[in-house]
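This is what each chain is made of:
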Amino acid sequence: MSAAAATIGRVQRRAPLLQFVALIALFIYGAASISGFSASTSIRSMLVLASLLGLAALGQTIVMIVGGLDLSIPGFIVAGAILISQLCGTHHWSFVPAFALILVIAAAMGATSGWICHRYRIQPLIVTLGMGALASGGCLAWTGAKLTGAAPAFLSNLTSASGTTFGLAVSPVVVIWAVVAILAGVVLHRTTAGRRLYATGANPRAADLARVNTSRVWTVVFAASAVCSAIVGVLLAGFSGADQTLGDPYLFQGLTAVIVGGTTIMGARGDYTHTVLGALILTELTTILVGHGYDTADQQIIFGVLILIVVAGYGRDRRLRDTI
Amino acid sequence: MRELLRSRPFGFALLLSLALLAANVIAEPSFGKPDNWPQELASFAPLAIVAMASTPSILSGGGGIDLSVGPLVIFCNVLLIHKFFPHGLESGWAAVPLILLIGAAVGAINGVLVTKLRYQPVIATLCTFFILIGLNLKFGASPRPAPAGNWTTHLGDKVWFFPGALITILVPALVWLVLSRTAYHRQLYAVGGNQSTAFSAGVDVTATRIVAYALGGLFAAIGGIALTALVQSSQAASSAQYTLIALAGVALGGTVLGGGRGGLLGSALGAFAIYLMQTLLSAVNVPPTWNSVVYGGMLVAGVVVGAWLMTQRPALRRAAA
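Definitions and limits used
- Residues numbered from 1 in each chain as written.
- Chains lettered and ligands numbered in written order.
- Predicted model: local features only at pLDDT ≥ 70, side-chain atom pairs only at ≥ 80, totals over all residues.
- Helix = DSSP H or I, 4+ residues; strand = E, 2+ residues; numbered from the N terminus.
- Rg over C-alpha atoms; globule rule 2.2 N^0.38 Å.
- Buried ≥ 20, exposed ≤ 12 C-beta atoms within 10 Å, placed from the backbone.
- Contact = placed C-beta atoms within 7 Å.
- Nonpolar A, V, L, I, M, F, W, Y, C, P; charged D, E, K, R; others polar.
- pLDDT = per-residue confidence, 0-100.
- Axes fitted to C-alpha atoms, helices over the stretch in contact; angles between N-to-C directions.
- Parallel < 35°, antiparallel > 145°, perpendicular 65-115°, else oblique.
- Left-handed = near helix turned anticlockwise from the far one by under 90°.
- Core = buried A, V, L, I, M, F, W, Y, C linked by C-beta atoms within 7 Å.

*Asks:* Sorry if this is basic, but what is going on with the overall build of chain B here?
*Replies:* Regarding its fold elements, chain B presents 14 helices and two strands. Its C-alpha atoms give chain B a radius of gyration of 20 Å, within 12% of the compact-globule value 20 Å for 321 residues. The C-alpha extent of chain B, read off along each of the three principal axes, is 55 × 50 × 35 Å. The proportion of buried residues among the 321 residues of chain B is 55%.

This is the structure:
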């Protein structure tokens, strides 16, 4: 028994095995207990929801790898959604310059957060909280909270569950997510840049002594996180329309996806593959709960209890007496 | 100046609060009138108490943080309005001990999850956060006003001549003051500073942490009472909003999120600065759409200026962890 547990533990350290098992088990349970759960339309809409959640959690994943925490995600999501709707819908910009402007603004503000946190050694929690308020608040103040524009129509097709990509019966956003996931995996594990992230997260001082420019790592990572969130905002503007509370669910759900996936808040453990599984597990759970007729209140409670159960499998700390 | 700030981590929040207080009085002279103090204190109290409630768990270190204090405040508010008042528990003498006990119990559950069951604090309290929000939505699905003339109205106004809200703010502060005379206080800072060292020195790390989370829960329950006194209705929909603002107050107040440094007074001052920021914005007629821009800007500028004042030499090349 303990030999089996040791083997599982060994595999688990290399790959998110238990998360994968949980994902499959949940799917089998859903398919058995809810009619239509395994139908292709239902799978396709789950994939779209998971890809939006997963893309929103990409930034949080890399920020947590370097040992930070990003609370500006909802702010940048709202900013992205409002800006694309207003610029394209009300001010009649074409998509490309509007999108480019959004990326530049998000990157600049995110980079500022990262640089400030590193330079002045301030907890990222508070800087990103303020920066997120600046981003979403700035857009609201600019529009006077009157959101009149609508996002370009092709964005709705990008995120439509019945959309197709080059003839494949998969929504384009899911394909984008898959490409992003592969790219993130390659960058994190196969490039020097990825190594620098893990080195910075594991021990910033040692990383500095190994001539890693940790200031640049922090700046780039927070900029990347802000850009990811803004892109999700642009996608969401097509998916559900811009709204000032649009980003709120993605903060705690995204954090949950990252944590359930197995990336730890202490830094340097986990990667984006884990988060992808986390986002899929969460979306499956929500769908199953809705399918069984639980209302929002029940969902929240069951959600909380289930995360405890899921994380009990692999995410607990060592005993204090074992760490000395 | 810088020496002072270094030795007193809450100094920055204090200076900021004083400056904002002066700005408030200049912008709106009636702000300083003693007649208005009970109302002003009442609207400040929930904010201050939530910030104080977040502090002990953070001080206890090990990545300790309690995300569930915000929903717990609302949970106590919803319990009071939907369970206690309609079911005959109208006397404050019976309701207060019960609600404090419930708050401390929820906090202790968090503590057990973190210590005995070895969950990361963020995950454990995120789960309590979800569960409490769910319960709030279940119990308080339809917002309801509190019955007229119930005992909490005094806390929102005056008890004899004394602003009632000051009592709710002072209770956690007094509990903390008493604790600071005990060995527990030193054990908490020892555990927060370095858990391995504290463990090796024979401190019961588990018990110290559980008590820290229970204290946070207790303070959150007091916050629930203060909130009920202020709004006189149930607020299930606003379950999520207090946590982040409380953490901002804690960080502004100089408590290090890594644990072991800071204190309750700093958190209350940090919350005070945030509250004064909000009142100042409405006093100078900034359109409400600009609120979060100014709020975010001051938060970022505030911590940068604070950090700049506190660092003498160029920042050590070490990430803010």
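*Asks:* Is there a simple way to think about the overall build of chain A in this case?
*Replies:* In terms of regular secondary structure, chain A is built from 14 helices and zero strands. When the elements of chain A are put in sequence order from the N terminus, they spell out α-α-α-α-α-α-α-α-α-α-α-α-α-α. Along the first, second and third principal axes, the C-alpha set of chain A runs to 65 × 55 × 40 Å. Long-range contacts, defined here as pairs at least 24 residues apart, represent 78% of the contacts in chain A between residues at least 6 apart.

*Asks:* Explanation requested: the interface of chain A and chain B in the structure shown.
*Replies:* Interface size is commonly expressed as the accessible surface area that is lost when the partners come together. Of the residues lining the interface, 58 residues belong to chain A; the matching set on chain B comes to 46 residues. For the side of chain A that touches chain B, the secondary-structure elements that each account for two or more residues are helix H5 (95–119), helix H6 (124–143), helix H10 (204–209), helix H11 (214–239), helix H12 (248–261) and helix H14 (296–314) of chain A. No other element matches H6(A), which puts 14 residues into the side of chain A that touches chain B. In terms of residue class, the side of chain A that touches chain B is built from 32 nonpolar, 17 polar and nine charged.

*Asks:* Is there a simple way to think about the confidence of the model for chain B in this case?
*Replies:* Detailed reading of the predicted coordinates is not advisable wherever pLDDT falls low. Residue and element names in this part refer to chain B. Mean pLDDT for chain B: 85, with 93% of residues reaching 70 or above. Here helix H1 (residues 2–7) stands out as the element of chain B with the lowest mean pLDDT, 64, in contrast to helix H11 (residues 205–231), whose mean of 94 is the highest. Note on residues 312–321: pLDDT is under 50 here. Beyond four places in sequence and across chains, it has 24 contacts. This prediction of the complex comes with two scores: 0.82 for pTM and 0.80 for ipTM.

*Asks:* Would you take a moment to explain the packing of helix H4 (residues 73–90) of chain A against H6(A) for this structure?
*Replies:* Axes are the key here: two packed helices are described by the angle between their axes and the distance separating the axes. Residue and element names in this part refer to chain A. Two elements in contact, H4 and H6, have axes separated by 7 Å at closest approach and are oriented at 25°. What the angle tells us is that H4 and H6 run roughly parallel. Helix-helix and strand crossings are classified by hand; for H4 and H6 the assignment is left-handed. Between H4 and H6, the contacting residues are Pro-74, Gly-75, Phe-76, Val-78, Ala-79, Ile-82, Leu-83 and Gln-86 on the first element and Met-131, Gly-132, Ala-133, Ala-135, Ser-136, Cys-139 and Thr-143 on the second. Here the residues of the contact of H4 with H6 sort into ten nonpolar, five polar and no charged.

*Asks:* Please explain unusual backbone geometry as it appears in this structure.
*Replies:* Leaving glycine aside, a negative phi is the common case for residues, and trans is the common case for peptide bonds. All names here are of chain B. The phi torsion at Arg-118 lies on the positive side, around 60°, for a residue other than glycine. Within the secondary structure layout, Arg-118 lies in the loop between helix H5 (92–115) and helix H6 (121–139). What makes Arg-118 partly exposed here is the crowd of 15 C-beta atoms within 10 Å. For Gln-232, which is not glycine, the phi torsion reads 55° and is therefore positive. Considering the arrangement of structural elements, one finds Gln-232 in the loop between H11 and helix H12 (241–252). Using a count of 16 C-beta atoms within 10 Å as the deciding quantity, one classes Gln-232 as partly exposed.

*Asks:* What is the right way to look at the environment of A:Ala202 in this model?
*Replies:* Residue and element names in this part refer to chain A. On the secondary structure map, Ala-202 appears in helix H9 (residues 192–202). You can call Ala-202 partly exposed: it has 16 C-beta atoms within 10 Å. Separated by 136 residues in sequence, Ala-202 and Val-66 have C-alpha atoms that sit 7.4 Å apart. Here Ala-202 is in contact with Gly-267 and Ala-268, once residues within four sequence places are set aside.

*Asks:* Whenever I open this one, the environment of B:Trp37 confuses me. Can you help?
*Replies:* Residue and element names in this part refer to chain B. Relative to the assigned elements, Trp-37 resides in helix H3 (residues 37–59). The exposure class assigned to Trp-37 is partly exposed, which follows from the 16 C-beta atoms found within 10 Å. Counting along the chain gives 100 residues from Trp-37 to Leu-137, while the straight-line C-alpha distance between them is 33 Å.

*Asks:* Would you mind showing me how to read the nonpolar core here?
*Replies:* The nonpolar side chains of soluble globular proteins are, as a tendency, buried together. Counting residues in each nonpolar core, the largest one holds 210 residues, and the members touching the most others are A:Leu52, A:Ile84 and B:Ala48. Sort the elements by how many residues they give to this core and H11(B) lands first, with 18 residues. For A:Leu52, the residues in contact, after removing those within four places along its chain, are A:Val173, A:Val232, A:Leu235, A:Leu236 and A:Phe239.

*Asks:* Would you take a moment to explain the packing of H6(A) against H12(B) for this structure?
*Replies:* Relative to each other, H6(A) and H12(B) sit at 125°, their axes nearing to 10 Å. By the angle between their directions, the pair H6(A) and H12(B) is classed as oblique. In this structure, H6(A) meets H12(B) at a crossing whose hand is left-handed. Where H6(A) abuts H12(B), its residues A:Leu125, A:Ile126 and A:Leu129 lie against B:Leu244, B:Leu247, B:Ala248 and B:Ala251.

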